[in-house]
Amino acid sequence: MTPPLPELPVPQPTVRPAARWSLVLPVKTPARAKSRLAPFAGVHRPRLALAFALDTVTAALACPAVAQVLVVCKDPEAGAALAALGALVLADEPDGGLNEALSHGADRARRLRPDAPLAALSADLPALRAAELTRVLGAVPPGERAFLADAPGDGTTLLACAEGRRLAPAFGGPSRLRHARGGARELLLPDVPSVRRDVDTAADLAEALVLGVGPHTRTATAALV
């Protein structure tokens, strides 16, 4: 009689199941946002900037790993539109710029869900896919800080930290190097283009359109034709 084969261990998934993340997104007043799109979008630039944020927040809220989305935005009209999607809008944005706004949102997220992991996410990811965001969040090493570089490779679209860790955002310009020097681990994932494709220029938007943008950006882009 042939002896039974030894039982093999069941492979463990590489993505942690529903970690129930808190996400913080900074949204600039649309009238002042995305200045590099002005030559392409003209008077439609504010509408396009808001559309990016609306599609980003919609995808983030659809991500099964995300428990709450906090948006730091002092613009009342943009804030109302984002709140209607289900985001918690923090209108008391401090002066000082992008990283101060993110730190403010992170502090509020920690008070609301002190035991949840936390991530800052760019708000100009109009092609964002919930499944790809799930893979990125699931790849964050337990107990650590980690970041995802943008498509060009100089900036950052996501910075994450475990429960009890400080977010310490250093976004803006060549933030990839700053986050790495600050002790965050870079997430090297080949299959998450929608989480890396932020939009600052017409060329960026063209790439996002190829990936497939959300409905708000599709409508806003159609107005440019």
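It should be noted that the structure appears before, not after, this text.
Residues numbered from 1 in each chain as written. Predicted model: local features only at pLDDT ≥ 70, side-chain atom pairs only at ≥ 80, totals over all residues. Heavy atoms only, no water.

### Brief notes about the overall build of the protein chain
This is how the line gets drawn: Segments assigned H or I by DSSP are reported as helices when at least four residues long, segments assigned E as strands when at least two residues long, and all are numbered from the N terminus. Only protein chains enter the accessibility calculation, which uses a 1.4 Å probe; a residue whose area is less than 20% of its type maximum is buried, one above 50% is exposed, and one in between is partly exposed. The contact criterion used throughout is that any non-hydrogen atoms of two residues lie within 4.5 Å. The method behind every accessible area is Shrake-Rupley, applied with a 1.4 Å probe, and residues are considered shielded solely by the protein chains displayed.
Of the regular secondary structure elements, the protein chain holds nine helices and seven strands. Principal-axis analysis of the C-alpha atoms gives the protein chain an extent of 80 × 40 × 35 Å. Going through the 225 residues of the protein chain one by one, you find that 48% of them count as buried. A separation threshold of at least 6 residues defines the contact pool for the protein chain, and within that pool the share at least 24 residues apart is 67%. For the protein chain, the computed accessible surface area is about 11000 Å², with 58% contributed by carbon and sulfur atoms.

### Description of the layout of surface pockets
The criterion, for reference: The method works on a 1 Å grid over the protein atoms by themselves. A cavity is a set of points holding a 1.4 Å probe that cannot get out, a pocket is an open set with protein on both sides within 12 Å along at least five of seven lines, and residues with an atom within 4 Å of a point line them. Grid points are joined across faces, edges and corners, and a volume is the space filled by probe spheres set on the points.
If you add up the space inside the largest pocket, you get close to 980 Å³. Contributing to the lining of the largest pocket are 43 residues, with K28, K34, L98, D124 and D200 lying nearest its centre. For the lining of the largest pocket, the elements supplying multiple residues, two or more each, are α2 (45–62), α4 (98–112) and β4 (118–121). Sorting elements by how many residues they give to the lining of the largest pocket places α2 first, with four residues.

### Points about the nonpolar core
Counted only if it meets this: Only buried residues count toward a nonpolar core. Its members are Ala, Val, Leu, Ile, Met, Phe, Trp, Tyr and Cys residues joined through side-chain atoms within 4.5 Å.
In this structure, L23, V69, V71, L121, L133, L137 and L158 are the most contacted members of the largest nonpolar core, which totals 35 residues. Residue contacts for L23: discarding those within four places in its chain leaves A60, V66, Q68, V69, L70, A119, L121, L133 and L137. By size, the runner-up hydrophobic cluster in this structure holds 16 residues, among which are F147, L159, C161 and A184.

### Brief notes about the pairing of strand β1 (residues 21–26)
In regular strands, side chains alternate between the two faces of the sheet. Our working rule: A pair of strands is labelled paired if DSSP reports no fewer than 2 bridges between them.
Most of β1 sits inside the fold, with six of its six residues counted as buried. The pairing of β1 with strand β2 (residues 66–72) spans six bridges and is classified as parallel. Among the inter-strand pairings, P26 is bridged to a residue of β2, identified as V72.

### Remarks on the packing of α2 against helix α3 (residues 76–85)
Convention followed: In this description, a line fitted to the C-alpha atoms serves as the axis of each element, helices being fitted only across the stretch in contact, and the angle between N-to-C directions of two axes falls anywhere from 0 to 180 degrees. Geometric relationships in this document are graded by angle, where less than 35 degrees denotes roughly parallel, more than 145 denotes roughly antiparallel, 65 to 115 denotes roughly perpendicular, and other angles denote oblique. Crossings are sorted by hand: turned counterclockwise from the far helix by less than a right angle, the near helix makes the crossing left-handed, and turned clockwise it makes it right-handed. When residues are grouped by polarity, Ala, Val, Leu, Ile, Met, Phe, Trp, Tyr, Cys and Pro land in nonpolar, Asp, Glu, Lys and Arg in charged, and all others, Gly among them, in polar.
At a minimum axis separation of 10 Å, α2 and α3 run at an interaxial angle of 20°. Taken together, the axis directions place α2 and α3 in an arrangement best described as roughly parallel. Between α2 and α3 lies a crossing whose hand is right-handed. Of α3, the residues touching α2 (which contributes L50, A53, L54, V57, T58 and L61) are A78, A81, L82 and L85. Residue composition of the contact of α2 with α3, by class: nine nonpolar, one polar and no charged.

### Some thoughts on unusual backbone geometry
When glycine is set aside, most residues are seen to have a negative phi, and most peptide bonds are trans. The phi angle at K34 is positive, at roughly 55°, despite the residue not being glycine. Tracing the backbone shows K34 in the loop between β1 and α1 (38–41). A relative accessible area of 18% places K34 in the buried class. In this structure, A168 takes a positive phi of about 50° despite not being glycine. Locating A168 in the fold gives a position in the loop between β6 (156–161) and α6 (175–181).

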